[in-house]
Structure formats: structure tokens, C-alpha cells
Amino acid sequence: MIKTLHRWFDGDVGYSFRTSPVAIAAAVVAFLCVFCATFAGWVAPHNPFDLSTLVLSDARLPPAWNVHGTAKYLLGTDDQGRDILSVLFYGARISLVVGVVSVILSMLVGVFLGLLAGFRGGWVDSLLMRLCDVMLSFPAILIALLIAGVGRALFPDAHESVAFGVLILSISLSGWVQYARTVRGSTLVERHKEYVQAARVTGVAPLRIMTKHVLPNVMGPVLVLATIQVATAIITEATLSFLGVGAPPTSPSLGTLIRVGNDYMFSGEWWIAVFPGVMLVVIALSVNLLGDWLRDAMNPRLR
């Protein structure tokens, strides 16, 4: 593992990263966000879900630098008296988990279907591509909203884990098309190359050719797309939560926090919505910048 990382760092991608200040800054910001979200229980100054520590008289306190603020709550408190800074860490953890897991599921489904369509061709390719065309004719957020709404209607009293499962599934089913079309295009090119023809002549099974020979050579664009799609999935989750069909209220994500803060925006408590919004923008921007760098680094024509 160490040798692989060392070889990667000394290679073209590592050199591109070392010489790109934007990529380094984006990686640092993304790492800090992921670290604070992952270890929120140790990093956060308060536990916003411990009801015994909540003081309702501290609700809607402004940030510490405000005249009426207190150093106990650096970014102020929300309508329930929870520390905004602590809520941001816990909310970002939920948003990141939903975004990453949904992208992984989308990638698995899309890569499999794209590889199958590109390698087999014929009616399989036509059927899957027409399905992709149908999916692309609807906005992704509309598909996710429909699936999330139907899931909540079918399981109105479902456990919190089921609610998160429906949310992840709704985002995944609206994002697999990009992976399928990308892998299908790359597979159409790879299947006519000599190494694939040689494997066929020697009697290698088609499934083994797809997984052992073609798949490794089409994963470059997929990794770039997955990096960018993480930010898109996080924003989609925030949108669904803002609309009330995303994360459950007992485990608020950044979108839920923005929706709650929106009710107090015009009454002067701007920090309840602004700070979760800033956190969402920072995470999405850093991930997008890393995706743009990875795209340039893995494409020799763009270097």
C-alpha cells in the first residue's frame, strides 16, 4: 500500500497535484470537512442530540462576535438551543455519508449496465440506451423527489435507517445514467482493440474479458465522474431535505438545517440558515475543484 502511494505520488498525477495550488487548497478544505464530520463526536464542542444538555433559554443566540452573543456558542444557536458549530459537524457527516454511498451505488449500477451494453451490443445495447434516454428526459431532482416521496408514503412510520435507505436509493437511481453512458462509450472503443481480440481467440470467457480486461481500462473517466458526482449528490440530498422529503428531522443534514433556518431568516436570526449554507457550498466547491483537477490530470490532452 505504501509503495503504491509512493509510486502514485512520484507519477504524473502526483506531480500534477503537487504543482496545482488550487488542487492542494481544495484537498485541504475537503479533508478538514471530512475529518470534522467523521469525528464530530470528538471535534464538536457540544452534542446537539443530547437533550439533557440543551437549554431552551439559549435558543436563537447570535454568533459570539455579536453584542448579544456568548463565547460558549461560537456561531450561535438554533431554535432549539443547539450549538450551530456542533450541528454543522453532525449535519455534514449525514450529508457526506448519503452523498458518498449514493454515488457508490450509482457507480456500481451504471458501470455494470454500461459495460454490458458496450460489450454485448445489439438489442441489449439498444434497450439500455433507450432506458437511459428516458431517464435523461426527466430532471434528476424530479426523479429523486418522486422516489423519495413514494418511499415515505409507503413507509410513513418507518425506522430512521429505512428513511435514509429510501433517500440514498432515490439519489442513486437518478444518477446511474451518466456512468452507464460514459462506460458504454469507452467500452465500444476498447472491445475492438487487439488485447480483447486476443483474449477471445484464446477462449477467455466474455464475463472475464469484461471484468479483467475491459473494466480496468474504462475506470479512468468513471473515477473523475464519481468525484464530481459526490458534490452533486450532496446538493441533491440537501435539496430533498430542504423540501422535507430528505433526512429525518431527528438526524438533520445540512439541507434540513437550511430549511429550519429559512423560517427565521426574516426575523433576524440569519445565522441559523447562513452557516449551514456556507458549509454546503464549501464542501461542494472543494469536491468540484478536486474533480476538475483529476479530470485534467488523467487526460494527457489537457495537461
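Keep in mind that what you see is a predicted model, and the values were worked out from it rather than measured.

Engineer: Please give an account of the overall build of the chain that cites residues and values.
Structural biologist: Each helix and strand in the chain was counted, giving 13 helices and zero strands. The order of helices and strands in the chain, counted from the N terminus, is α-α-α-α-α-α-α-α-α-α-α-α-α. If one aligns the C-alpha atoms of the chain with their principal axes, the spans along those axes are about 75 × 50 × 30 Å. Counting over 303 residues, the chain shows a buried share of 44%. Considering only contacts within the chain whose residues lie at least 6 apart along the sequence, 70% involve residues at least 24 apart. Surface accessibility of the chain: about 16100 Å² in total, with carbon and sulfur atoms responsible for 68%. Computed over 21 positive and 18 negative side-chain charges, the separation of the two mean positions in the chain equals 14 Å.

Engineer: Kindly report on the layout of surface pockets, identifying the contributing residues and their values.
Structural biologist: Each pocket or cavity is described by its volume, and for the largest pocket that value is around 400 Å³. Lining the largest pocket are 13 residues, with Leu223, Ala226, Thr227, Leu290 and Leu294 positioned closest to its centre. Those elements that place two or more of their residues in the lining of the largest pocket are helix H5 (84–120), helix H11 (206–242) and helix H13 (271–298). Of the residues that constitute the lining of the largest pocket, the class distribution is 12 nonpolar, one polar and no charged.

Engineer: Go over H5, please, and point to the residues and values.
Structural biologist: With 37 residues, H5 should cover 54 Å at 1.5 Å per step; its first-to-last C-alpha distance of 53 Å lies within 8% of that length. The buried fraction of H5 amounts to 26 of the 37 residues, a majority that puts the element mostly inside the structure. With its phi angle positive at about 65°, Gly121 sits one or two positions after the end of H5.

Engineer: Describe a nonpolar patch on the surface, with residues and values.
Structural biologist: A cluster of nonpolar side chains, contributed by Ile24, Val28, Phe31, Leu32, Phe35, Phe39, Trp42 and Val43, occupies part of the molecular surface with about 810 Å² of accessible area. Every element with two or more residues in the nonpolar patch is listed here: helix H3 (21–38) and helix H4 (40–43). At five residues, H3 tops the list of elements feeding residues into the nonpolar patch. Locating Phe35 in the fold gives a position in helix H3.

Engineer: How would you summarise the packing of aromatic side chains if you had to cite specific residues and measurements?
Structural biologist: A full pass over the atoms with the stated rule returns seven aromatic pairs. Between Trp270 and Phe275, the ring centres sit 5.7 Å apart and the planes meet at 50°, which makes this aromatic pair tilted. Ring pairs connect the aromatic residues Phe31, Phe35, Phe39 and Trp42, which therefore count as one cluster.

Engineer: If you had to explain empty space enclosed by the protein to someone new, which residues and values would you point to?
Structural biologist: Evaluated as defined, the whole model comprises one cavity of 30 Å³ or more. A volume near 50 Å³ is recorded for the largest cavity. The wall of the largest cavity is formed by Asp78, Asp79, Arg82, Ile84, Val87, Leu257, Val260, Ile272 and Pro276. Put simply, the parts of the chain that give the lining of the largest cavity at least two residues each are H5, helix H12 (254–262) and H13. Considered class by class, the residues forming the lining of the largest cavity number six nonpolar, no polar and three charged.

Engineer: Run through the confidence of the model for the chain, naming residues and quoting values.
Structural biologist: Considering every residue of the chain, the mean pLDDT works out to 85; 93% of them sit at 70 or more. When pLDDT is averaged over each element of the chain, H3 comes out on top at 93 and helix H1 (residues 2–10) at the bottom at 61.

What counts, and at which threshold
- Residues numbered from 1 in each chain as written.
- Predicted model: local features only at pLDDT ≥ 70, side-chain atom pairs only at ≥ 80, totals over all residues.
- Heavy atoms only, no water.
- Helix = DSSP H or I, 4+ residues; strand = E, 2+ residues; numbered from the N terminus.
- Buried < 20%, exposed > 50% of the residue type's maximum accessible area, 1.4 Å probe, protein only.
- Contact = heavy atoms within 4.5 Å.
- Areas by Shrake-Rupley, 256 points an atom, 1.4 Å probe, with all protein chains shown as cover.
- Lys, Arg positive; Asp, Glu negative; His and termini not counted.
- Charge placed at Lys NZ, Arg CZ, Asp CG, Glu CD.
- 1 Å grid on protein atoms, 1.4 Å probe; cavity = no way out; pocket = protein on both sides within 12 Å on 5 of 7 lines; lining within 4 Å.
- Points joined across faces, edges and corners; volume = space filled by probe spheres on them.
- Nonpolar A, V, L, I, M, F, W, Y, C, P; charged D, E, K, R; others polar.
- Expected span 1.5 Å × (residues − 1).
- Patch = residues over 30% accessible without salt bridge, like charges linked within 9 Å, V, L, I, M, F, W, Y side chains within 5 Å.
- Salt bridge = Lys/Arg side-chain N within 4 Å of Asp/Glu carboxyl O.
- Phe/Tyr/Trp six-rings, centres within 6.5 Å; stacked < 30°, edge-to-face > 60°.
- pLDDT = per-residue confidence, 0-100.

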